[in-house]
Amino acid sequence: MTYRVSHIPDWGSSVIRLMLEEIGAPYEIVPLDWDAGDFDSPAFRAVNPLGLIPALETPDGPIFETAAIILWLNARHGGLGPAPTDPTRGAFLSWLMFTSNTLHQTVMTLIHPDRIAGEAMQDVVEAHALQHLHEQAGQLEAMLAAKDPDWFSDRKPGALGYYVGILLRWAIYLPENELMRFSLAPFPRLQAVLAAHEAFPAAQRVAALDALGPTPFTAPETAQG
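The following refers to the structure shown. As the structure is a computational prediction, the values presented were derived from the model and not from experiment.

### Quick look at the nonpolar core
The tendency in soluble globular proteins is for nonpolar side chains to be buried as a group.
Here's step 1: In terms of nonpolar packing, the biggest core is built from 62 residues, with L20, L73, F152, F182 and L190 touching the most fellow members.
Here's step 2: Of all elements in the fold, only β1 (3-7), α1 (13-23), α3 (66-77), α4 (89-111), α6 (122-147), α7 (159-173), α8 (188-199) and α9 (201-209) reach the threshold of two or more residues within this core.
Here's step 3: Not counting residues within four places of it along the chain, the set of residues in contact with F182 comprises L130, L133, H134, A137, L168, A171, I172 and F187.
Here's step 4: Of all hydrophobic cores here, the second largest spans seven residues; its members include I8, F44, V47 and A55.

The structure is reproduced here in structure tokens:
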């Protein structure tokens, strides 16, 4: 069983590549080119009718949306989070959906503020997004202090660590105004989790394949988002 990943390096599909490397599942990359119009091609729209990545082709049909792919892969292979009968499953699901529905959207607003209200208002949008991102990182920091969960820790790799790592690398590097760039310094527990995740073998393999640099989550040298 070989999966097919529609992919642009250092876009959201890098999250799924990390998952596949972590569980050791065979996969092949289907490279896409945004500027060439690949996202609107009939072939890609058959995989994801929304015309977005990540998208994963499986023997059971295509799957899209990051959280959906993570949950499907974990159910099939394990190794990315608690199993369905694990008593910590509910907390994991809550924070995974927080990451997908809240943190992900905040980061995208920070790095693409013009998409929300045009260029005239992008400075205001960017500032609000950075404020919200600090609040949300603080919520993750507080959760780590209270729970110290195995599914989001510096002890073992997991889906949430890789997902948050990819998101925050963009926030740390991409805003053109350096004052708007996110810093992990106020969040030592979160920083420790991401430092551990970027050093795991699967992350280092993806970092090399997608040119993410040696410390992709905590000190990115470049980023695309």
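Now that the structure has been shown, we can carry on.
### Observations regarding the environment of S100
Here's step 1: Summarising the element assignment, S100 is placed in helix α4.
Here's step 2: Taking relative accessible area as the criterion, S100 reaches 10% and is therefore assigned buried.
Here's step 3: The spacing of S100 and A67 is 33 residues in sequence and 6.3 Å in space, taken between C-alpha atoms.
Here's step 4: Once residues within four sequence positions are removed from consideration, S100 is found in contact with A67, Q105 and Y163.

### Concerning the packing of aromatic side chains
Here's step 1: The full count for this structure, using the stated rule, is nine aromatic pairs.
Here's step 2: Each ring, one from W11 and one from F39, has its centre 5.7 Å from the other, and the planes form 50°; the classification is tilted. Residue W11 is located in the loop between β1 and α1, and its partner F39 is located in the loop between β2 (27-31) and α2 (42-47); the two are separated by 28 residues in the primary sequence.
Here's step 3: By relative accessible area, which is 22% here, W11 ends up partly exposed.
Here's step 4: Through successive ring pairs, a cluster of aromatic residues spans W11, W34, F39 and F44.
Here's step 5: Positioned above the aromatic ring of Y173 is the side chain of R181, whose terminal nitrogen or guanidinium carbon lies 5.3 Å from the ring centre.

### A short note on the pattern of salt bridges
Pairing is possible between side chains of opposite charge, provided their charged atoms come close.
Here's step 1: Throughout the structure, instances matching the rule amount to ten salt bridges.
Here's step 2: Put simply, E57 and R4 hold a salt bridge, and the shortest N to O gap is 3.3 Å. Taken together, the residues E57 in strand β3 (residues 55-58) and R4 in strand β1 connect sequence positions 53 residues apart.
Here's step 3: Residue R4 is classed as partly exposed on the basis of its relative accessible area, which comes to 30%.
Here's step 4: Residue R169 is joined to D10 by a salt bridge in which the shortest nitrogen-to-oxygen separation is 2.9 Å. Here D10 lies in the loop between β1 and α1 and R169 lies in helix α7, a separation of 159 residues in the sequence. Here the two residues R169 and D10 agree in accessibility, since each one is buried.
Here's step 5: In this structure, a network of salt bridges that share partners links the residues R4, E28 and E57.

Rules used in this analysis
Residues numbered from 1 in each chain as written. Predicted model: local features only at pLDDT ≥ 70, side-chain atom pairs only at ≥ 80, totals over all residues. Heavy atoms only, no water. Core = buried A, V, L, I, M, F, W, Y, C linked by side-chain atoms within 4.5 Å. Buried < 20%, exposed > 50% of the residue type's maximum accessible area, 1.4 Å probe, protein only. Helix = DSSP H or I, 4+ residues; strand = E, 2+ residues; numbered from the N terminus. Contact = heavy atoms within 4.5 Å. Phe/Tyr/Trp six-rings, centres within 6.5 Å; stacked < 30°, edge-to-face > 60°. Lys NZ or Arg CZ within 6 Å of the ring centre and 35° of its normal. Salt bridge = Lys/Arg side-chain N within 4 Å of Asp/Glu carboxyl O.

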